[in-house]
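A closer look at the structure
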Amino acid sequence: MRHVPAGGREPSARRKQARFMATLCRPSVSVPEHVITMEETLELARERHAGHPQLPLALRLIENTGVRTRHIVQPIEETLKHPGFEDRNRLYEREAKARVPAVVQRALDDAELLTTDIDVIIYVSCTGFMMPSLTAWLINEMGFESTTRQIPIAQLGCAAGGAAVNRAHDFCTAYPEANALIVACEFCSLCYQPTDIGVGSLLSNGLFGDGIAAAVVRGRGGTGVRLERNGSYLIPKTEEWIMYDVKATGFHFLLDKRVPATMEPLAPALMDLAGTHGWNASDLDFYVVHAGGPRILDDLSKFLKVDPHAFRFSRATLTEYGNIASAVVLDALRRLFDEGGVQDGARGLLAGFGPGITAEMSLGRWQTADERAAVERTADESRGVRQA
């Protein structure tokens, strides 16, 4: 048996892999109509927590997030109430069913596919719970085939957007002609807990927003990021740094003060993944990452030795929408598309960070439909020659 070096560096193996690379197409993103500004957030904090001994610290931390506006599914007066976990979860289901289909349809249109072309739906969310998953409802309501696979992911938090891209890539690698649909639905405002007054909770009240995103990963055809390699990394013994405390009142978000410093141990994981692929993580053409806060982006710039401008898409999402959890990566990628994309063959990195502490990472090249068609014709011709 021939030995293949670690990382799949054998040239023939790399060529074989290249024939079956899936393309992540333009994401569709939607945010709710109710808006709360940074100024309104700070004023609410002053009103509701006037006697809090650490209020000045909380206000300073909220201001430093860089979040200017956030969108939420209810008016702020309703958001601040807590009718109970049952009512909130019922609202999550109702709002998801009302809002997700239009976002999915736009993603399908951008990928030039029909619901009947989709082989698997990967649904990610950490702000509500349904069983069966929303995937079953979508299959019935939108005309997906009954044979469509379902992969709901509920417990990866903000890292789930990157995980969804990676699982779609894995699926399309296993089934080269397949197409995967990714859906991220996050209503973080439904997790507001008025009794949680720790500094971390107060910070999260001014950081998280609501949003929905969807994107198609095509096994063949499409314009976007041609996915080439993915990986995961978990920082040992950090599972309590980002977590939910699940109580009768619902999900209580816990955020350790050490979280903002996690890019120092995660940056080497990004560099290792790129190095295994023969790339330099400090010398890529585009970067699409989950922005949990400005410190994350600043540290990535520092530890990867990358110009801060490289993270402009993630920073724009944070500024305009806040942290929309698993949908951040897809919104940042949407902004790259809206800017006009990059040149064919440009190399890039996508990454989502979340509970665990976990990083879900992928590498890919920008590819237009014309270039993809040429690559696939060459591959088809090569297979034809071998078969003959």
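Thresholds applied
- Residues numbered from 1 in each chain as written.
- Predicted model: local features only at pLDDT ≥ 70, side-chain atom pairs only at ≥ 80, totals over all residues.
- Heavy atoms only, no water.
- Helix = DSSP H or I, 4+ residues; strand = E, 2+ residues; numbered from the N terminus.
- Contact = heavy atoms within 4.5 Å.
- Areas by Shrake-Rupley, 256 points an atom, 1.4 Å probe, with all protein chains shown as cover.
- Salt bridge = Lys/Arg side-chain N within 4 Å of Asp/Glu carboxyl O.
- Core = buried A, V, L, I, M, F, W, Y, C linked by side-chain atoms within 4.5 Å.
- Buried < 20%, exposed > 50% of the residue type's maximum accessible area, 1.4 Å probe, protein only.
- Pairing = 2+ DSSP bridges.
- pLDDT = per-residue confidence, 0-100.
- 1 Å grid on protein atoms, 1.4 Å probe; cavity = no way out; pocket = protein on both sides within 12 Å on 5 of 7 lines; lining within 4 Å.
- Points joined across faces, edges and corners; volume = space filled by probe spheres on them.
- Nonpolar A, V, L, I, M, F, W, Y, C, P; charged D, E, K, R; others polar.
- Phe/Tyr/Trp six-rings, centres within 6.5 Å; stacked < 30°, edge-to-face > 60°.
- Disulfide = S-S within 2.5 Å.

Once that is clear, we can look at the overall build of the protein. The helix and strand tally for the protein stands at 13 helices and 14 strands. Excluding contacts between residues fewer than 6 apart, the proportion of contacts in the protein whose partners are at least 24 apart in sequence is 80%. About 17000 Å² of surface is accessible on the protein, with carbon and sulfur atoms providing 53% of the total.

It is worth spelling out the pattern of salt bridges at this point. Counted according to the given criterion, the structure contains 24 salt bridges. Between Asp299 and Arg295 there is a salt bridge; the shortest N-O distance is 2.9 Å. Taken together, the positions of Asp299 and Arg295, both in helix H10 (residues 294-304) and 4 residues apart, correspond to about one turn of that helix. Its salt-bridge partner being Arg334, residue Asp331 comes within 2.6 Å of it at the nearest N-O pair.

Once that is clear, we can look at the nonpolar core. Ranked by internal contacts, the top residues of the largest apolar core, which has 40 residues, are Leu270, Tyr287, Leu300, Leu304 and Phe353. Only helix H9 (263-276), strand S12 (286-289), H10, strand S13 (347-354) and strand S14 (358-367) provide two or more residues apiece to this core. With 7 residues, the top contributor of residues to this core is H9. In this structure Leu304 touches Ala267, Leu270, Met271, Ala281, Ser282, Tyr287 and Asp299, once residues within four positions along its chain are discounted.

Okay, the pairing of S13 next. Most of S13 sits out of view: 8 of its 8 residues are buried. Burial along S13 is two-sided: the face carrying Arg347, Leu349, Ala351 and Phe353 and the face carrying Gly348, Leu350, Gly352 and Gly354 are both buried. Across 4 bridges, the pairing between S12 and S13 is parallel. Considered in S13, the bridge of Phe286 is made with Gly348.

Here we come to the confidence of the model for the protein. Across the protein, the average pLDDT comes to 90, with 90% of residues at or above 70. Taken as a whole, residues 1-18 scores under 50 in pLDDT and shows 14 contacts with residues more than four places along the chain or in a different chain.

Further remarks concern helix H6 (residues 134-142). Of all the positions in H6, only Leu134, Thr135, Ala136, Leu138, Ile139 and Met142 are classed as buried. On its buried side, H6 packs onto helix H5 (85-111), strand S5 (120-124) and strand S6 (149-153). Among the residues trailing H6, Gly143 stands out with phi positive, at a value near 85 degrees.

A few words now on empty space enclosed by the protein. Counted according to the given criterion, the structure contains 1 cavity of 30 Å³ or more. By volume, the largest cavity amounts to about 80 Å³. For the largest cavity, the full set of lining residues is Phe85, Arg88, Asn89, Tyr92, Thr127, Gly128, Leu190, Cys191, Gln193, Thr249, Gly250 and Phe251. Looking at the lining of the largest cavity, the element that brings in the most residues is H5, giving 4 residues. Of the residues belonging to the lining of the largest cavity, the class tally is 5 nonpolar, 6 polar and 1 charged.

With that out of the way, let us pick up the packing of aromatic side chains. One pass over the full model with this rule turns up 9 aromatic pairs. With 5.2 Å between their ring centres and 75 degrees between their planes, Phe208 and Phe253 make a pair best called edge-to-face. Taken together, the residues span a long stretch of sequence, with Phe208 in the loop between helix H8 (199-205) and strand S8 (210-218) and Phe253 in strand S11 (residues 250-255) at a distance of 45 residues. A single burial state applies to Phe208 and to Phe253, both of which are buried. On the numbers, 4.8 Å between centres and 55 degrees between planes, the contact of Phe337 with Trp366 is tilted. A residue pair is termed long-range when its members are at least 10 positions apart, and Phe337 in helix H12 (residues 328-338) and Trp366 in strand S14 qualify at 29 residues. Across this residue pair, the class does not change: Phe337 and Trp366 are buried. Through pairs of rings, three or more aromatic residues link up here, namely Phe85, Phe208, Tyr244, Phe251 and Phe253.

This part is about the state of the cysteines. A full pass over the atoms with the stated rule returns 0 disulfides. Distance from the sulfur of Cys25, which forms no disulfide, to the nearest cysteine sulfur (Cys172) is 9.8 Å. With no disulfide of its own, Cys158 lies closest to Cys126 among cysteine sulfurs, the gap being 6.0 Å. For Cys158, a relative accessible area of 14% corresponds to the buried category.

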